Amino acid sequence: FFCYFLPFNEHFEQAPMYVAVFTYLGFGVGTLFGYLRDFMRAWGLEKCHLATEREEQKDFVPLYQDFENFYTRNLYMRIRDNWNRPICSVPGPQFDLMERVTDDFNWTFRFTGRCIKDVINMGSYNYLGFAETDANALKTVADVLQRYGTGVCSTRQEMGNIDKHVELENLVARFLDVEAAMVFGMGFATNSMNIPALVGKGCLILSDELNHTSLVLGARLSGATIRVFKHNNMQSLEKLLRDAIAHGQPRSHRAWKKILILVEGIYSMEGSIVRLPEIVTLKKKYKAYLYLDEAHSIGAVGPTGRGVVEYFGMDPDDVDVLMGTFTKSFGAAGGYIAGKKELVDFLRTHSHSATYATSMCPPVAEQIIRAMKCVMGLDGTTQGLQRVCQLSENTRYFRQRLHEMGFIVYGNDDSPVVPLLLYMPGKIGAFARRMLDKNIGVVVVGFPATPIGESRARFCVSAAHTREMLDTVLNALDELGDFLHLKYSRHSRSSHPELYNETSFELED
Amino acid sequence: MMAAAGVGQQWVLVEMVQAFYEAPAYHLILEGILILWIIRLLFSKTYKLQERSDLTPKEKEELIEEWQPEPLVPPVSKDHPALNYSVVSGPPSHKIIVNGKECINFASFNFLGLLDNERVKNAAQASLKKYGVGTCGPRGFYGTFDVHLELEDRLAKFMRTEESIMYSYGFATIASAIPAYSKRGDIVFVDEAACFAIQKGLQASRSNIKLFKHNDMADLEQLLKEQELEDQKNPRKARVTRRFILAEGLYMNTGDICPLPELIKLKYKYKVRIFLEESLSFGVLGEHGRGVTEHFGINIDDIDLISANMENSLASIGGFCCGRSFVIDHQRLSGQGYCFSASLPPLLAAAAIEALNIMEENPDIFQVLREKCKRIHKALQRISGLVVVGESFSPALHLQLEETTGSRENDMKLLKRIVDYCMNRGIALTQARYLEKEEKCLPPPSIRVVVTVEQTEQELDNAALIIREAAQSVLN
């Protein structure tokens, strides 16, 4: 197959068997207690904190089925304080959290009025560190805000196409080295409103197992047939392609109108990078089209921050639809789609977002313009390149130290999204709370965002993190890893890999 | 020991044979058939759901070679009406510069004129200094700021409901709220003229959709009666099928108001829940701008969910849903646009809070706005060739052709000429844009006329005059 110019190191180590046993045991105990508590609540032995239906509407069909919310009521509610934590400062490398206490085991929260200051932020998507309040840096944004105001009050096709949008679109096209680009007001909506415009009934969508909800929603709304291939698995994708073209549409066997492959640049829950060269080879061989969602990878990978296309040294023309968001690396909001001029012209006339949804607001557009100019070096400094290099260095250091300590960490060595596996449900709450006690804010994810037996803590490394901050976090992780017995890895790597020959592929089919 | 075991075994064998003889015939036959069936299943070939057809590898290769896909996008003609956007230089406020011409803005939904307001801009500037621009995360992962919580609180207090939830994009608000409650198998009765966001929300929910004629309560009652008959046939299913009526306060596509008191009567008679979409009526109708519930004097708890976007009256970006905690809290874990998308930039939230403050301090602007709407509605009557569509107090009116030429394309060309004529004389108008192939009930082509509180009476009269002239010059 294709051989990569750089080593492609991805790891998805499996934990020892006893971990899986204890995980399911933990969920089992939780479920049993859940049934017990539901029983007690139904019989009035325990106070029910849930909101209830109005008296006048008690004989209506119930809005929610009891079992739908079982998981929420009984398992999620116990550790609910680890999510939706409100902050009261800029989400930079350090932030201030609002102190929240609960008097009734997470059913309601109350703010004490105090702020926990200077918590190290390992959760926000601030890859290049553009979430900043430096007055100099934000000067142009403040000017645009003063001149244009905050609203737009119209759609792109009507009266909402402002000169800032035109400027931004030209800049994005230049940044990505493509013919044209179009920007939208929300990243999620970019996917869910443009995929239906590109494909419809009679087309086939081949989507990766672990695609983001916005891609899945866009694919569903389009009405095309959807087939799922195993995560990053090229054999599975090729098999689907061959079968699809040979057999045609189900039951009628007519030829497919188009085949669209949906993949992401970096997968946000796994930290894996898409195998782009292989997918492009496949797509050219079978005449399919490729839609690449670079929400997490634009600005974060690649020698100059141009995303996975640059990371693999490929030509942006090989990808038919380049999509990305500005929320993560550029510290703003919104999304874009870029590609050939015909594609962008078609989207200008047929996209749901351009016709019915408000366009991006001008100050946000200005923030993207200034961040992008910084990354491209157009502002006359090398700050952008420095940020990209700093991010890459931080990523490598962080991942390497975690591997050395013996944690199971998923994903590619170059991805700034670092999932650290926790597995057991009890450890999710313990991990997040203890890290907060040490003044470090982490993000933990469990079911249903991840498979039920693979809960994890997800770190997002940022270019704004200094070596000291990363060391603080790593020391805290070391301590906590020993305390909670999180160091499951059986392949801890030594810190001197050059001392012996280690193969760099660990492909799991 | 062994002998005893042997005897024991023999005993068991004898018992078995005895049982065999004593068993009734049908029992033996049934067992025999079952055994034969099991043997057959064991030896028959397994079959897969996806057809494993008999293509030889060579045939497969040929088919793969021959297949030609359509181009990714069909070519778009250069003079497609929606291709060339008008470029606005500077803010889209009361005086707007479109394509280099300075005009009075009759096209942006800036109803209360808050786009240009100094207080709103100052609040946004303060927020910019404190928080930067983006939130860098969804609400669940450190994307919740104190400004978001404050705005949700203020909106709930303003609308006098228990709780409200905020989204970062107006379109995504109703398109995420509907699938959170209505699932496959549920029934939704929706008006024909519902806007596109509602249609997408319904499509994502996979529920059964029943359209009733625009604002026709008799038609809706008919559909509800039919549904009741269906329910009686299958009461078990009916007990778990949720039912919703979806209506807009002020319809975007027709400028009409929904008959809310009748809807409430139908709600309690047939036990259906009501979801209301108030994007155009929030900040316009009602004594204090609380929308269509205040306009009709209805208890807001009677409506299960009110959804509105902040992009019209509040001149910000985003949307919100408000209602009782019982209903709204569910969206915090199942609203897709809320859980899986980054939260609203804090400067926009701060702008919205300040806009709400202004709305609460000056409750008389709503009456002023309605007066202006009535004025222009009256002034645009009796233009030969054009028909005004919309209520007299609706700030977003449509001007449709009285007599269509027969083809939508030609109608749109005529309307474009009227718009250009007005643009050249300093009135910025726009055609209402739709996706022709995607809409369920495509409205006829029209020109949008939007009234804002900043337009003076002279400007309104002038605009009506110019539109009259334009219609005369183009249509005669």
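About the cut-offs
Residues numbered from 1 in each chain as written. Chains lettered and ligands numbered in written order. Predicted model: local features only at pLDDT ≥ 70, side-chain atom pairs only at ≥ 80, totals over all residues. Heavy atoms only, no water. Helix = DSSP H or I, 4+ residues; strand = E, 2+ residues; numbered from the N terminus. Rg over C-alpha atoms; globule rule 2.2 N^0.38 Å. Buried < 20%, exposed > 50% of the residue type's maximum accessible area, 1.4 Å probe, protein only. Contact = heavy atoms within 4.5 Å. Areas by Shrake-Rupley, 256 points an atom, 1.4 Å probe, with all protein chains shown as cover. Lys, Arg positive; Asp, Glu negative; His and termini not counted. Charge placed at Lys NZ, Arg CZ, Asp CG, Glu CD. 1 Å grid on protein atoms, 1.4 Å probe; cavity = no way out; pocket = protein on both sides within 12 Å on 5 of 7 lines; lining within 4 Å. Points joined across faces, edges and corners; volume = space filled by probe spheres on them. Nonpolar A, V, L, I, M, F, W, Y, C, P; charged D, E, K, R; others polar. Expected span 1.5 Å × (residues − 1). Core = buried A, V, L, I, M, F, W, Y, C linked by side-chain atoms within 4.5 Å. UniProt positions renumbered as here; feature names shortened; annotations may be inferred. Buried area = accessible area lost by both parts, 1.4 Å probe. Salt bridge = Lys/Arg side-chain N within 4 Å of Asp/Glu carboxyl O. Polar contact = N/O pair within 3.5 Å; in protein donor to acceptor, adjacent residues only side chain to side chain. Pairing = 2+ DSSP bridges. Axes fitted to C-alpha atoms, helices over the stretch in contact; angles between N-to-C directions. Arc of directions from axis to C-beta. pLDDT = per-residue confidence, 0-100. Patch = residues over 30% accessible without salt bridge, like charges linked within 9 Å, V, L, I, M, F, W, Y side chains within 5 Å.

> Tell me about the overall build of chain A, and please be specific about residues and values.
Regarding its fold elements, chain A presents 15 helices and 16 strands. For a compact globule of 509 residues, the expected C-alpha radius of gyration is about 23 Å, and chain A comes in at 24 Å, within 12% of that figure. For chain A, the spread of C-alpha atoms along the principal axes amounts to about 70 × 65 × 55 Å. Looking at chain A as a whole, 63% of its 509 residues qualify as buried. Taking the intrachain contacts of chain A between residues at least 6 apart in sequence as the baseline, contacts between residues at least 24 apart amount to 72%. Working note: accessible area of chain A is about 19700 Å², and carbon and sulfur atoms make up 55% of it. Here chain A holds 54 positive side-chain charges and 59 negative ones, and the gap between their average locations is 4 Å.

> Which residues make up the overall build of chain B, and what values do they have?
Along chain B, the regular secondary structure elements total 18 helices and 15 strands. Relative to its length of 476 residues, chain B is extended, with a C-alpha radius of gyration of 32 Å against a globular reference of 23 Å. The dimensions of chain B, computed from C-alpha atoms along their principal axes, are 120 × 55 × 50 Å. Relative to its 476 residues, chain B shows a buried fraction of 57%. Sequence separation of 24 or more characterises 68% of the internal contacts of chain B that already satisfy a separation of 6 or more.

> Would you mind going over the layout of surface pockets in detail, with residue names and values included?
In this structure, the second largest pocket encloses a volume near 1300 Å³. At the level of secondary structure, the elements contributing two or more residues to the lining of the second largest pocket comprise α5 (187–198) and α10 (341–350) of chain A together with α17 (408–424) and β14 (430–431) of chain B. Here the element with the most residues in the lining of the second largest pocket is α17(B); it accounts for 9 residues. Among the residues forming the lining of the second largest pocket, the class breakdown is 20 nonpolar, 13 polar and 16 charged.

> Which residues make up empty space enclosed by the protein, and what values go with them?
Summed over the entire model, instances satisfying the criterion amount to 8 cavities of 30 Å³ or more. The computed volume of the largest cavity comes to approximately 350 Å³. In this structure, the largest cavity is lined by 26 residues; those nearest its centre are Tyr356(A), Phe171(B), Cys195(B), Met252(B) and Asn309(B). Looking at the lining of the largest cavity, the elements with two or more residues in it are α11 (352–356) of chain A together with α6 (170–181) and α7 (196–205) of chain B.

> Residue-level account of α5(A), with values.
Given 3.6 residues per helical turn, the α-helix brings residues three or four places apart onto the same face. All names here are of chain A. The terminal C-alpha atoms of α5, which comprises 12 residues, lie 17 Å apart, in line with the 16 Å expected from a rise of 1.5 Å per residue. α5 sits mainly inside the fold: 12 of its 12 residues count as buried. What α5 keeps buried is the set Gly187, Phe188, Ala189, Thr190, Asn191, Ser192, Met193, Asn194, Ile195, Pro196, Ala197 and Leu198.

> Break down the nonpolar core for me, with residues and values.
Membership of the largest hydrophobic core comes to 245 residues, with the highest contact counts inside it found for Leu276(A), Phe398(A), Phe431(A) and Leu477(A). Looking at this core element by element, the count peaks at 11 residues for helix α15 (residues 346–361) of chain B. The residues contacting Leu276(A), other than those within four sequence positions of it, are Leu290(A), Leu292(A), Val308(A), Val309(A), Phe312(A) and Met314(A). With 42 residues, the next largest nonpolar core counts Leu63(A), Val188(B), Phe196(B) and Phe326(B) among its residues.

> I'd love a proper account of the UniProt feature "domain: Aminotransferase class I/classII large" (unreviewed entry) in chain B, names of residues and values included.
Using the residue numbers shown here, the UniProt feature "domain: Aminotransferase class I/classII large" (unreviewed entry) corresponds to residues 102–464 of chain B. Measuring from the first to the last C-alpha atom of residues 102–464 of chain B gives 18 Å, for a span that is 43% helix and 17% strand.

> Can you break down the environment of Tyr181(B) residue by residue, with the values?
Residue position: Tyr181(B) is located in helix α6. A relative accessible area of 1% means that Tyr181(B) is categorised as buried. Dropping the residues within four chain positions of it, Tyr181(B) is found in contact with Leu63(A), Tyr64(A), Asp186(B), Arg242(B), Phe244(B), Phe275(B), Leu305(B), Val327(B), Ile328(B), His330(B) and Gln331(B).

> Before we move on, can you summarise the interface of chain B and chain A with the specific residues and values?
Listed as interface residues are 119 residues of chain B and, on the opposing side, 118 residues of chain A. Summing the contributions of chain B and of chain A, the shared interface buries around 10400 Å²; its carbon and sulfur component is 62%. Sorting the residues of chain B by area buried against chain A places Trp67(B), Tyr85(B) and Tyr142(B) first, and these three jointly supply 10% of that buried surface. On inspection of chain B and its partner chain A, the count reaches 6 salt bridges. Put simply, chain B and chain A have 46 residue pairs in polar contact (both at pLDDT 80 or more) between them. A total of 9 residues in the side of chain B that touches chain A trace back to one element, the largest contributor, which is helix α4 (residues 118–131) of chain B. Residue composition of the side of chain B that touches chain A, by class: 60 nonpolar, 29 polar and 30 charged. Note that strand β2 (residues 86–87) of chain A and strand β3 (residues 144–145) of chain B share 2 bridges and pair parallel.

> Which residues make up the sheet that holds strand β6 (residues 204–208) of chain A, and what values go with them?
In a beta sheet, neighbouring strands pair by backbone hydrogen bonds and run either parallel or antiparallel. Residue and element names in this part refer to chain A. An order of β5-β11-β10-β9-β8-β6-β7 is seen for the 7 strands of this open sheet, with the pairing classed as mixed. The sheet is open, and its two borders are formed by β5 (180–184) and β7 (225–229), each paired with just one other strand. Each adjacent strand pair in this sheet contributes to an overall mean axis angle of 20°, direction not counted. Pairing of strand β10 (residues 321–325) with strand β11 (residues 335–339) involves 4 bridges; the strand directions are antiparallel. Within β11, the position partnered with Gly324 by the bridge is Tyr336.

> Outline the sheet that holds strand β9 (residues 305–309) of chain B, listing residues and values.
All names here are of chain B. Judged by pairing direction, the sheet is mixed, and its 7 strands sit side by side in the order β4-β10-β9-β8-β7-β5-β6 without closing on themselves. The open sheet has two free edges, formed respectively by β4 (163–167) and β6 (208–212), since each of these has just one partner strand. Within this sheet the neighbouring strands show an average axis-to-axis angle of 20°, counted without direction. Relative to strand β10 (residues 319–323), β4 runs antiparallel, the two being bridged by 5 bridges. Within β10, the position partnered with Met166 by the bridge is Phe320. Across the sheet, helix α5 (residues 146–159) lies against β4, β9 and β10, angled at about 130° from β4, the strand it touches most.

> Quick rundown of the pattern of salt bridges? Include the residues and the values.
Taken as a whole and judged by the stated rule, the model has 60 salt bridges over all chains. With a shortest N-O distance of 2.4 Å, Asp478(A) and Lys487(A) are connected by a salt bridge. For Arg273(B), the salt bridge identified is with Asp304(B), shortest N-O distance 3.6 Å. In this pair, Arg273(B) sits in strand β8 (residues 273–277) while Asp304(B) sits in the loop between α11 (292–296) and β9, placing the two residues 31 residues apart along the sequence. We classify Arg273(B) as buried; its relative accessible area is 2%. Under the relative-accessibility criterion, Asp304(B) is labelled buried at 5%. Sharing partners across several salt bridges, the network here consists of Arg139(B), Glu152(B), Glu163(B), Asp329(B) and Arg332(B).

> So, the pairing of strand β11 (residues 386–389) of chain B: which residues are in play, and what are the values?
Residues and elements named next belong to chain B. Judged from the 4 bridges that link them, β11 and strand β12 (residues 396–401) form a sheet pairing that is antiparallel. In the strand pairing of β12, Val389 is matched with His398. The turn joining β11 and β12, which pair antiparallel and follow one another in sequence, is formed by 6 residues; a positive phi near 140° is taken by Gly390.

> Let's hear about helix α3 (residues 139–148) of chain A: which residues, and what values?
Turning to α3(A), its buried residues number three or more, namely Val141(A), Val144(A), Leu145(A) and Tyr148(A). Looking straight down α3(A), one finds its buried side chains confined to an arc of 105°; they lie on one side.

> Talk me through the UniProt feature "transmembrane region" (unreviewed entry) in chain A; I want residue IDs and the actual numbers.
Residues given the UniProt feature "transmembrane region" (unreviewed entry) here are residues 15–36 of chain A. Taken end to end, residues 15–36 of chain A comprises 91% helix and 0% strand; its first and last C-alpha atoms sit 31 Å apart.

> Describe the confidence of the model for chain B, listing the residues and the values that go with them.
Residue-level pLDDT values for chain B average 89, and 96% of them are 70 or greater. This complex was scored by the predictor with a pTM of 0.89 and an ipTM of 0.91.

> Describe in detail the side chain of Thr190(A), supporting the description with residues and values.
All names here are of chain A. Within the fold, Thr190 resides in helix α5. Here Thr190 falls in the buried class, since its relative accessible area comes to 0%. Those residues in contact with Thr190 that lie beyond four places of it in its chain are Phe184, Tyr291, Met323, Gly335, Tyr336 and Ile337.

> With reference to specific residues and values, describe a nonpolar patch on the surface.
A cluster of nonpolar residues, Ile35(B), Leu36(B), Ile38(B), Ile39(B), Leu42(B) and Phe43(B), forms a patch on the protein surface that exposes about 690 Å² of accessible area. Within the element layout of this structure, Leu42(B) appears in helix α2 (residues 25–43).

> Let's hear about the environment of Lys157(B): which residues, and what values?
Residue and element names in this part refer to chain B. Among the secondary structure elements, Lys157 is positioned in helix α5. What makes Lys157 exposed here is its relative accessible area of 56%. It is 9.9 Å that separates the C-alpha atoms of Lys157 and Cys322, two residues lying 165 residues apart in sequence.

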